[in-house]
Amino acid sequence: MNSKERFLAAINHEVPDRVPLDLGGWVTTISSIAYNKVLKHLGINRECQVFDWLRQTVDPEEDVLERLGVDTRYVHIGKPKSWKFAPKQTERGLYVVDEWGCGFVKTPTTLYYNLIDSPLAKAGIGDLDAYAWPDPRDPGYLDGIAERAGKLAEEGRYAVIGDFAWETWYERAWKLRGMEQFYMDMALNRDFIHAILDKTLELHLEFLDHVLSACGEYLDVVIQGGDLAGQKTTLMSPADYREFVKPRQAKAIEFIRSKTQAKIFYHTCGAASSLIPDFIDVGIDILNPVQVRAHGMDAKGLKDRFGDKICFWGGVDSQQVLPTGSPADVESEVRDLVRAMAPGGGLVVCPVHNIQADVSPENVLALYDSVAKWGTYPLPQDI
Amino acid sequence: MEKLRATIKSGDGGAVKAELDVLSGQGHGARELLDEMIESLREVGEAFSRGDAFIPEMLIAARAMQAGADHLGPELIKTSSDSKIGKFMIATVSGDLHDVGKNLVALIFKGNGFDVVDLGVDVSADIIMAAYAENQPDIVGLSALLTTTMGAMEEAVRALKAKYPDAKVMVGGAPVTQEFAVRIGADAYAPDAALAVEVARKLISAR
């Protein structure tokens, strides 16, 4: 099997030759600091530049992806023409306003940019139409995507992943409003939440139409997301999720399905297990990142309850094992994950979220090499 | 008192104040009213810890509590019923700008009768130490959301304990665990804002 065949078998709940591997997406990639250590460790004399300014992560290069055995290849959107990343040095640190008008700062002590200014914090519903929304059909987004996706599809070697979350319609809304205000509005100003989510979803669907018209036919997966849970439980009640989020997830998925045959990948951090039946109901094919240390997210439980109806993508603990464990601990973690979730396919492995700056290159290699070692089907008897 | 408790849970600060005025007018003392509101907030907190209430419900109740406590403030001071359980100093550690969780903890502690000093986010160990000397809090709370800043949490705890062996430190945040708290020498850990108050009460009464 080649990578694409392996990947497609897994996400179709069939058994591939081995468990497929991922690295390089919006929230499944690696910090530039950690990546450059990996390069050094591999004896590669190169420094890689930051690709995602917000998270200070990279787009991993082909030789590293091959060394790690990664089965996915990403189609990223181009840079918008109407906005440029232009941080200014201020007394707080490096400050930048994004395409949506939100302000972010990276201080000397922080590893990435953090939201500090939310322009719609005090807005009323009546203010939303007049706001300076970004152009979802910015021509820059299309730069190279048809060529890249087309080439990948034609070569047929790797799974083609459309990296099209565009920071998600859900997260854009609370970043514009401010997280605290947004969650208070969810209780006290529900009309506002509907209005702002309607707006961000509308823009997101325009964006999806823009990019999927260019390359939808070539894609195996479309990336979507929006964090709905924390370490212990969901951020809002299941009832609020079903009122505010679920119908909009459904709308986005219906639209995506009208433009491509690709599977739908949904990212939510945290203890989201109470929402998984709804995710299945609304048509999500793949759940990411499977934050195994969050409450109710143990791999075996999830596989037993939902493994026949949804695929799992992620699963290697990044809260304890990757930053503070040894390579042997990482291998043990991978074994546990594969044992729990690999039977019958339906598993793509990568770390839970981006590999952070403090993860050693030895641990990065241990992760990917351990899947190759323990994740070949039929799975080892002693796994 | 049912109506007062309901106004806290509804998050309607205006309704809280109105009801407080009604009840004061009926002769209820400020301290009694404050205690009723604290009890209402505690009920929401317990529901939050249990998984029956979520961020929106917890936030609005804490905010309504704040509005109510502020409204009673002058009367509490006048009647010397403004006694605080203790002083709580909180910070998000160096390298970490996340504050929603920390803010909720600060709000709930204030609502529960603590005097709260909030040092903000991205706070270095040096500043924590200086603030400890200046404020003399009964308890220090440290928050971290990022795994990459847990080292800064450890540094702050060890520095505090080295210079002020009697300092009581509690820690929290998504990647923080009981085990980590013990390893770095913290006195306590709490998995959420509501439980944090109970942990803090125990720490204070154990002194």
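Residues numbered from 1 in each chain as written. Chains lettered and ligands numbered in written order. Predicted model: local features only at pLDDT ≥ 70, side-chain atom pairs only at ≥ 80, totals over all residues.

Trainee: I tried to follow the overall build of chain B on my own but got confused; where do I start?
Mentor: A tally of helices and strands in chain B yields nine helices and five strands. Computed over the C-alpha atoms, the radius of gyration of chain B is 17 Å, within 12% of the 17 Å expected from 2.2 N^0.38 for a compact globule of 207 residues. Based on the C-alpha atoms only, the size of chain B along its principal axes is roughly 55 × 35 × 30 Å. Put simply, chain B has 207 residues, and 52% of those count as buried. Sequence separation of 24 or more characterises 75% of the internal contacts of chain B that already satisfy a separation of 6 or more. (Helix = DSSP H or I, 4+ residues; strand = E, 2+ residues; numbered from the N terminus. Rg over C-alpha atoms; globule rule 2.2 N^0.38 Å. Buried ≥ 20, exposed ≤ 12 C-beta atoms within 10 Å, placed from the backbone. Contact = placed C-beta atoms within 7 Å.)

Trainee: Whenever I open this one, the interface of chain A and chain B confuses me. Can you help?
Mentor: Accessible area lost on assembly of the parts is the figure often given for the size of an interface. Counting residues at the interface gives 27 residues for chain A and 21 residues for chain B. Ranked by residues supplied to the side of chain A that touches chain B, first place goes to helix α6 (residues 179-188) of chain A with seven residues. Taken together, the residues of the side of chain A that touches chain B sort by class into 11 nonpolar, 12 polar and four charged. (Nonpolar A, V, L, I, M, F, W, Y, C, P; charged D, E, K, R; others polar.)

Trainee: Help me understand the pairing of strand β3 (residues 72-76) of chain A, please; the structure alone is not making it clear to me.
Mentor: Each regular strand displays side chains that alternate between the two surfaces of the sheet. Residue and element names in this part refer to chain A. Most of β3 sits out of view: five of its five residues are buried. Here β3 shows no split at all, with Thr72, Tyr74 and His76 on one side and Arg73 and Val75 on the other all buried. Looking at chain direction, β3 and strand β8 (residues 159-163) are connected through five bridges and run parallel. In the strand pairing of β8, threonine 72 is matched with alanine 159. (Pairing = 2+ DSSP bridges.)

Trainee: Any chance you could explain the domain arrangement of chain B here in plain terms?
Mentor: All names here are of chain B. Looking at the assigned domains, one finds that chain B contains domain 1 (2-78) and domain 2 (86-205). Here the C-alpha centroids of domain 1 and domain 2 sit 25 Å apart. Between domain 1 and domain 2, the contact holds 13 residues from the first and 12 residues from the second. Breaking the side of domain 1 that touches domain 2 down by element, the ones donating at least two residues are α3 (30-50) and α4 (55-78). Among the elements that take part in the side of domain 1 that touches domain 2, α4 stands out by supplying seven residues, more than any other. Grouping the amino acids of the side of domain 1 that touches domain 2 by side-chain chemistry returns eight nonpolar, three polar and two charged. (Domains from an automatic or database assignment.)

Trainee: Can you walk me through the sheet that holds strand β5 (residues 93-97) of chain A in this structure?
Mentor: Across a sheet, paired strands are connected by hydrogen bonds in the backbone, their directions being either parallel or antiparallel. Residues and elements named next belong to chain A. Within the open sheet, the four strands sit side by side as β4-β5-β6-β7. Their pairing is antiparallel. Here the strands that pair on one side only, and so sit at the sheet edges, are β4 (88-90) and β7 (114-117). Strand-to-strand twist across the sheet, computed as the mean angle between neighbouring axes with direction ignored, equals 40°. Both β4 and β5 contribute to a ladder of three bridges, which runs antiparallel. Across the sheet, the residue bridging to lysine 88 is tyrosine 95, located in β5. (Axes fitted to C-alpha atoms, helices over the stretch in contact; angles between N-to-C directions.)

Trainee: It is not clear to me how the nonpolar core should be interpreted in this structure. Could you clarify?
Mentor: One broad rule of soluble globular proteins: the nonpolar side chains tend to lie buried together. By size, the foremost hydrophobic cluster in this structure holds 190 residues, and its most contacted members are Val211 and Ile286 of chain A together with Met58, Ile108, Leu142 and Met153 of chain B. Taken domain by domain, the makeup of this core includes at least three residues from each of domain 1 (2-78) and domain 2 (86-205) of chain B. (Core = buried A, V, L, I, M, F, W, Y, C linked by C-beta atoms within 7 Å.)

Trainee: For this particular structure, what's the right way to read unusual backbone geometry?
Mentor: What you tend to see is this: most non-glycine residues have negative phi, and most peptide bonds are trans. Each neighbour pair has its own omega, and for asparagine 288 of chain A with proline 289 of chain A the value is 0°, a cis peptide bond. Here proline 289 of chain A is to be found in the loop between β11 (286-288) and α10 (299-306). Unlike most non-glycine residues, histidine 353 of chain A shows phi in positive territory, near 70°. Positionally, histidine 353 of chain A belongs in the loop between β13 (347-351) and α13 (361-374). By the C-beta count within 10 Å, which is 21 here, histidine 353 of chain A ends up buried. A positive phi angle, near 55°, is found at aspartate 122 of chain B, a position not held by glycine. Within the fold, aspartate 122 of chain B resides in the loop between β2 (114-118) and α6 (125-135). A tally of 25 C-beta atoms within 10 Å means that aspartate 122 of chain B is categorised as buried.

Trainee: Looking at this structure, how should I read the environment of leucine 367 of chain A?
Mentor: Residues and elements named next belong to chain A. Here leucine 367 shows up in helix α13. Residue classification places leucine 367 among the buried positions, given that 27 C-beta atoms sit within 10 Å. Leucine 367 sits 39 residues away from alanine 328 along the chain, and the two C-alpha atoms are 9.6 Å apart. The residues touching leucine 367, leaving out its near neighbours within four places in the chain, are Val316, Val330, Val334 and Pro351.

Trainee: Please explain the pairing of β5 of chain A as it appears in this structure.
Mentor: Residue and element names in this part refer to chain A. Linkage of β4 to β5, two consecutive antiparallel strands, is achieved through a turn of two residues. As defined by bridge partners, β5 adjoins strand β6 (residues 103-106) across four bridges and the pair is classed as antiparallel. Looking across to β6, one finds that tyrosine 95 is bridged to valine 105. A loop of five residues connects β5 with β6, the two strands running antiparallel in sequence, and glycine 101 in this loop sits at a positive phi of about 95°.

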